[in-house]
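# Descriptive structure summary
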2 protein chains.
Amino acid sequence: MNAEMIAEQPQAGADLKTLDFSVWMLERLARTEDALSLWVGVNTPAGLGEAMRYAVLDGGKRLRPLLVWAAAEAVGGHAAATLRAGCAVELIHAYSLVHDDMPCMDNDVMRRGKPTVHVQFGEASALLAGDALQALAFELLLPEEDDIPCSMQAKLCRLLGAAAGSHGMAGGQAIDLASVGKQLTESQLREMHRLKTGALLLGSVLMGAACNAQTEARAIEALTEYGQALGVAFQVVDDILDVVADSATLGKTAGKDAANDKPTYVSLLGLERARAHAEELRQQAHAALARSGLADTQALAALADMVVQRSH
Amino acid sequence: MNAEMIAEQPQAGADLKTLDFSVWMLERLARTEDALSLWVGVNTPAGLGEAMRYAVLDGGKRLRPLLVWAAAEAVGGHAAATLRAGCAVELIHAYSLVHDDMPCMDNDVMRRGKPTVHVQFGEASALLAGDALQALAFELLLPEEDDIPCSMQAKLCRLLGAAAGSHGMAGGQAIDLASVGKQLTESQLREMHRLKTGALLLGSVLMGAACNAQTEARAIEALTEYGQALGVAFQVVDDILDVVADSATLGKTAGKDAANDKPTYVSLLGLERARAHAEELRQQAHAALARSGLADTQALAALADMVVQRSH
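Along each chain, residue indices are assigned from 1 in the same order as the chain's sequence is written. The order in which chains are written sets their letters, starting at A; the order in which ligands are written sets their numbers, starting at 1. Local features in this predicted model are restricted to residues whose pLDDT is 70 or higher, and side-chain atom pairs enter the listing and the counts only when it is 80 or higher, whereas totals over whole chains, interfaces and linings include all residues. Note that water and hydrogens are dropped before the side-chain values are worked out from all heavy atoms of the structure.

## Describing the overall build of chain A
Per the secondary structure count, chain A includes 16 helices and two strands. Against the compact-globule benchmark of 20 Å for 312 residues, chain A has a radius of gyration of 18 Å, which places it among compact chains. Principal-axis analysis of the C-alpha atoms gives chain A an extent of 50 × 45 × 35 Å. Only protein chains enter the accessibility calculation, which uses a 1.4 Å probe. A residue is then buried if its area is under 20% of the maximum for its type, exposed if over 50%, and partly exposed in between. Across the 312 residues of chain A, 60% fall into the buried class. Contacts spanning at least 24 positions in sequence make up 74% of the contacts within chain A whose residues lie at least 6 apart. Secondary structure is summarised from DSSP: a helix means a run of H or I of at least four residues, a strand means a run of E of at least two, and numbering begins at the N terminus for each. To get the radius of gyration, use the C-alpha atoms; to get the globule rule, take the number of residues to the power 0.38 and multiply by 2.2 Å. Any pair of residues with heavy atoms lying within 4.5 Å of one another is described as a contacting pair.

Here it is as structure tokens:
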């Protein structure tokens, strides 16, 4: 998956800067994978660990950990905190996919090119594995070792809870659930996605920024704008890909939104205007970075490009 | 429920000490209920808040918050931290019941004398409400207001995560799931319950103790022994009540363990030995309190009595 992603960088950008970003990304992905493999589902009873590892390892674009890394490095963040924060947001993302795929929710049988967790391990194990992954996300942020100041641990947990909970991702999922078969206005659709996918993407950026307690207000404000624009862009592109890509490329069932009669940016704006909107958001994200006062925002800029230009 | 619980204090104990405990308990229950009502499912989108409040409010013995209060007061704990810690453990307990009751787990339709959350709101909403309650439990421990030191916030989150996650409650549930229809040894049964119900009960006591950062190691050791004995006693009594009580008294389906072919202390020890074991554990809990060096452990002692002598 990682090698593929790099191969799919647009040709026009295959200059030194893009190669640098690819190297940067591969290195952070490797550290994230190693840490997840070390921390997830270890010494866990009765098959629970196996289901947790299946849900998390060997798959996923790791966009959220990469956002944490990029933001943390832009502010000169604490290295151990950065690694843990990146893994924590990925666990929240992974648990949400496990629960989302269950029969009572989206009832999806394929994810990242393999059977979903409840298909592989049964519904009860999927439910428990998701629950345990959420708890583990917080546990990872609270090590007794690693010399992360307790104020930073608390701040990271606070941001994660806000991004994951009823005023973040879980709240957005509830709106999504209530909206099936309904005609939403653009502002209602935006509100749903601001919470459902946007909150954890923004949370990733803000957690990265919180890996340095001295990050300036001006930078946090700019990173907030960046994270918000990127969050919307991600969803717009997701909606576009659901229409134009096939299941094999996506690694999950394509055309699902239309089949489920779900409102999307494409159903609302049409394909061309949705594409233009994604590009506009990419530019907004870049502009926010330019205002941040931070010296090194290249990785953040490249991630915004990747989100808009991705093919899966 | 509260009034009933007080009415059910054993007659022999209806002296001044018991009346004091009843007053103590009612006062903490009221503060806990008020706080839960203030904090749970507020400004939460699309019916999610309603399901969260249904799962948490107007029901439950609130044993875990009471343990937090009793332990925190024994060590002279931070008042705001105590209130939040009590509510946080109750939210973890409440979410676990919502998910446990779902069709893919225990498939139970009645809880605390009313329809379970998935019966009332649908499975998808129950799944989401449980997820959101777990996140909220951590959020409650991390207020920016209230002047709780960040070291205490981090410590409380650490204890909650350990009690709730794959090496605590969720791990115990996985063992439970894997054990249906199997003959467990007494030590396997103990290990399952140590995690499934014991971890959060012990966690409640330890979180209470963590509401004062200066609590002595000797006291924490004794409170750990107390919490462990109480945790086992709780489960032994639960197993006894499942056999001897009726559904109306329990507020949930009685005889469920036998019907589900689940191993229990009663199926393993028989009813009389199970009762003797509960009494033995109650005395162990008292002995641990006597060794704690803490001046005021009356409420903790009374809670151990209540756990063993309860009728539901």
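## Details of the interface of chain B and chain A
Many authors give the size of an interface as the accessible area that is lost as the parts come together. Contacts between chain B and chain A engage 46 residues on the former and 46 residues on the latter. Here the quantity called buried area is the total loss of accessible area, with a 1.4 Å probe, experienced by two parts when brought into contact, counted for both. For the pair chain B and chain A, the summed buried area comes to about 3,700 Å², and 71% of that belongs to carbon and sulfur atoms. Think of a salt bridge as a Lys or Arg side-chain nitrogen and an Asp or Glu carboxyl oxygen that are within 4 Å of each other. Applying the counting criterion to the chain B and chain A interface returns zero salt bridges. A 3.5 Å cut-off defines polar contacts: any pair of N or O atoms within that distance qualifies, except that in protein one atom must be a possible hydrogen donor and the other a possible acceptor, and neighbouring residues in sequence count only when both atoms are side-chain atoms. If you look at where chain B meets chain A, you find 12 residue pairs in polar contact (both at pLDDT 80 or more). Where the side of chain B that touches chain A is concerned, the elements lending two or more residues are α3 (48-56), α5 (79-100), α7 (123-140), α8 (150-164) and α9 (169-179) of chain B. Of the residues forming the side of chain B that touches chain A, the biggest block, 11 residues, is contributed by α7 of chain B. Across the side of chain B that touches chain A, the residue classes tally to 28 nonpolar, 13 polar and five charged. Note on residue classes: Ala, Val, Leu, Ile, Met, Phe, Trp, Tyr, Cys and Pro are nonpolar, Asp, Glu, Lys and Arg are charged, and everything else, Gly too, is polar.

## Quick look at the environment of Y54 of chain A
Residue and element names in this part refer to chain A. Positionally, Y54 belongs in helix α3 (residues 48-56). Residue classification places Y54 among the buried positions, given a relative accessible area of 18%. Along the chain, Y54 and A129 lie 75 residues apart, while their C-alpha atoms are 9.6 Å from each other.

## Concerning the pattern of salt bridges
Residue and element names in this part refer to chain A. Applying the stated criterion to the full structure yields 32 salt bridges over all chains. A salt bridge links E27 to R31, with the shortest nitrogen-to-oxygen separation between them at 2.6 Å. In this pair, E27 and R31 are both assigned in helix α2 (residues 16-39), four residues apart and thus about one turn of the helix distant. Put simply, R62 and E90 hold a salt bridge, and the shortest N to O gap is 2.8 Å. Remark: E90 occurs in helix α5 (residues 79-101) and R62 occurs in the loop between α3 and α4 (63-75); sequence separation between them is 28 residues. If you follow the salt bridges from partner to partner, you end up with E27, R28, R31 and E73 in one network.

## Some words on the relation of the copies chain B and chain A
Residues below a pLDDT of 70 in either copy are left out; the C-alpha atoms of the rest, at least 70 in both, set the least-squares superposition of the copies. The transformation that overlays chain B on chain A combines an axial shift of 0.0 Å with a rotation of 180 degrees, and the residual RMSD is 0.0 Å. The transformation relating the two chain copies, once decomposed into turn and shift, fits a two-fold axis. Of every C-alpha in chain B, the one belonging to A154 of chain B sits nearest the axis of rotation, 2.7 Å from it. A shared binding surface is used by both copies, with 100% of the interface residues of chain B retained as interface residues in chain A.

## Points about the confidence of the model for chain A
Looking at chain A, the pLDDT average stands at 91 and 91% of residues meet or exceed 70. Note that pLDDT drops below 50 for residues 1-14 of chain A; the model gives that stretch 20 contacts with residues more than four away or on any other chain. The quantity known as pLDDT measures the predictor's confidence residue by residue, on a range of 0 to 100.

## Structural notes on unusual backbone geometry
The phi angle at R62 of chain A is positive, at roughly 60 degrees, despite the residue not being glycine. By relative accessible area, R62 of chain A is classed as buried at 2%. Even without glycine at this site, R112 of chain B takes up a positive phi of about 55 degrees. With respect to the helices and strands, R112 of chain B occurs in the loop between β1 (110-111) and β2 (114-115).

## As for the nonpolar core
Within this scheme, the nonpolar core is defined by two criteria: the residues are buried Ala, Val, Leu, Ile, Met, Phe, Trp, Tyr or Cys, and they are joined through side-chain atoms within 4.5 Å. One finds Y226 and L303 of chain A to be the most contacted residues of the largest nonpolar core, which totals 167 residues. Beyond its immediate chain neighbours, meaning those up to four positions away, Y226 of chain A contacts L67, V205, A285, A288, L289, L300, L303 and A304 of chain A. Core analysis: the second largest hydrophobic core is formed by 51 residues, A209, A274, A288 and M306 of chain B among them.

## Topic: the environment of G198 of chain B
All names here are of chain B. Among the secondary structure elements, G198 is positioned in helix α10 (residues 186-209). Note on G198: relative accessible area 8%, which makes it buried. Taking C-alpha positions, G198 is 6.4 Å from V232, a pair spaced 34 residues apart along the chain. Leaving out residues up to four positions away in the same chain, G198 has contacts with H193 and G231.

## Things to note about the packing of helix α7 (residues 123-140) of chain A against α7 of chain B
Look at α7 of chain A against α7 of chain B: their axes get within 10 Å of each other, and the N-to-C directions meet at 20 degrees. Between α7 of chain A and α7 of chain B, the crossing angle belongs to the class labelled roughly parallel. Crossing of α7 of chain A against α7 of chain B: the hand is right-handed. In this structure, α7 of chain A contributes L127, D131, Q134, A135 and F138 of chain A to the contact, and α7 of chain B contributes L127, D131, Q134, A135 and F138 of chain B. Of the residues contributing to the contact of α7 of chain A with α7 of chain B, the split by class is six nonpolar, two polar and two charged. Fitted lines through C-alpha atoms give the axes, limited to the stretch in contact for helices. The angle between two N-to-C directions lies from 0 to 180 degrees. Oblique is the label for any angle not under 35 degrees, not over 145, and not in the 65 to 115 range, which are roughly parallel, roughly antiparallel and roughly perpendicular in turn. Here is the rule for handedness: rotate from the far helix to the near one, and if that takes an anticlockwise turn smaller than a right angle the crossing is left-handed, while a clockwise turn gives right-handed.

## So, helix α15 (residues 271-291) of chain B
Residue and element names in this part refer to chain B. The span you would expect from a helix comes to 1.5 Å times its residue count less one. Helix length check: α15 (21 residues) gives 31 Å between terminal C-alpha atoms against 30 Å at 1.5 Å per residue, within 8%. Listing the buried residues of α15 in full gives A274, H277, A278, L281, R282, A285, A288 and L289. Each buried residue of α15 lies within a common arc of 145 degrees when the element is viewed along its axis, so the set occupies one face. Facing away from the buried side of α15 by over 90 degrees, the exposed positions are E272, R273 and A290. At its buried positions, α15 is contacted by α10, α11 (217-244), α14 (265-269) and α16 (298-309). Following α15 by one or two positions, G293 adopts a phi angle in the positive range, close to 75 degrees. Taking the helix axis as origin, the arc is that swept by the directions to the C-beta atoms.

## Re the packing of aromatic side chains
Residues and elements named next belong to chain A. Here is the rule: rings of Phe, Tyr and Trp (six-membered ring for Trp) pair when centre to centre is within 6.5 Å. Planes less than 30 degrees apart are stacked, more than 60 are edge-to-face, and the remainder are tilted. The final tally for this structure, using the stated rule, is five aromatic pairs over all chains. Between Y54 and F121, the ring centres sit 5.2 Å apart and the planes meet at 75 degrees, which makes this aromatic pair edge-to-face. In this pair, Y54 is assigned in helix α3 and F121 in helix α6 (residues 117-121), connecting sequence segments 67 residues apart. Since its relative accessible area comes to 23%, F121 is described here as partly exposed. Any Lys NZ or Arg CZ found within 6 Å of a ring centre and within 35 degrees of that ring's normal is scored as a charge over the ring. Its end group placed over the ring of Y54, K114 keeps NZ or CZ at 4.1 Å from the ring centre.

## As for the state of the cysteines
All names here are of chain B. Criterion for a disulfide: a pair of cysteine sulfur atoms at a distance within 2.5 Å. Enumeration according to the criterion identifies zero disulfides over all chains in this entry. Residue C211 stays outside any disulfide, its sulfur separated by 12 Å from that of C87, the closest cysteine. A relative accessible area of 2% means that C211 is categorised as buried.

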